[in-house]
Amino acid sequence: MGLFSALMGNAGAVSKDDLLKNYGTLLIENEEIELGFKLIRDTFIFTSKRLIIVDVQGLTGSKTEYVSIAYKSISRFSIETAGTFDLDAELKIWISSEPAPSIRKKFNKSVNVFDVQKVLAYHVLG
């Protein structure tokens, strides 16, 4: 099921050590990685200060965009849990006052979407 989920574009959790090794240069002083998830080539990282989206572009993947979103810019978010026949959970994030979600990510069942929601709630509501 893991390969099928990866091919469908679902995200899976990535260890903090791997994220720190690969993306530690993006962090500022006193910023810590809290959670990270990887799609087939893209990664998004929840830190103590912001959400970082690593967007690998092109067929060869030689070009990468790093998008930082301050938690204070997030106006709302939602999670949808996986069902019996629907194998993925979904996260939606709205930036500022945009009418449609700015970010939509799907997770496989190995990811606890309530952990993702908790990190967002802590930073957005706190």
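Source: prediction; values computed, not measured.

Before going further, it helps to examine the sheet that holds strand S2 (residues 33-38). Strand order in this open sheet of five strands is S1-S2-S3-S4-S5, and the pairing throughout is antiparallel. Looking at which strands have only one partner, the edges of the open sheet turn out to be strand S1 (12-13) and strand S5 (63-70). Where S2 meets strand S3 (residues 43-47), five bridges bridge the pair, whose relative direction is antiparallel. Across the sheet, the residue bridging to Phe 37 is Phe 44, located in S3.

One pass over the full model with this rule turns up three aromatic pairs. Between Phe 37 and Phe 46 the ring centres are 6.4 Å apart and the planes differ by 80 degrees, which places this aromatic pair in the edge-to-face class. Exposure class is identical for Phe 37 and Phe 46. Each is buried. On the basis of an interplanar angle of 75 degrees and a centroid distance of 6.0 Å, the ring pair of Phe 44 and Phe 46 is categorised as edge-to-face. The class of Phe 46 is buried, set by a relative accessible area of 0%. Among the aromatic residues, those joined into a ring-pair cluster are Phe 37, Phe 44 and Phe 46.

Quick notes on the rules
- Residues numbered from 1 in each chain as written.
- Predicted model: local features only at pLDDT ≥ 70, side-chain atom pairs only at ≥ 80, totals over all residues.
- Heavy atoms only, no water.
- Pairing = 2+ DSSP bridges.
- Helix = DSSP H or I, 4+ residues; strand = E, 2+ residues; numbered from the N terminus.
- Phe/Tyr/Trp six-rings, centres within 6.5 Å; stacked < 30°, edge-to-face > 60°.
- Buried < 20%, exposed > 50% of the residue type's maximum accessible area, 1.4 Å probe, protein only.

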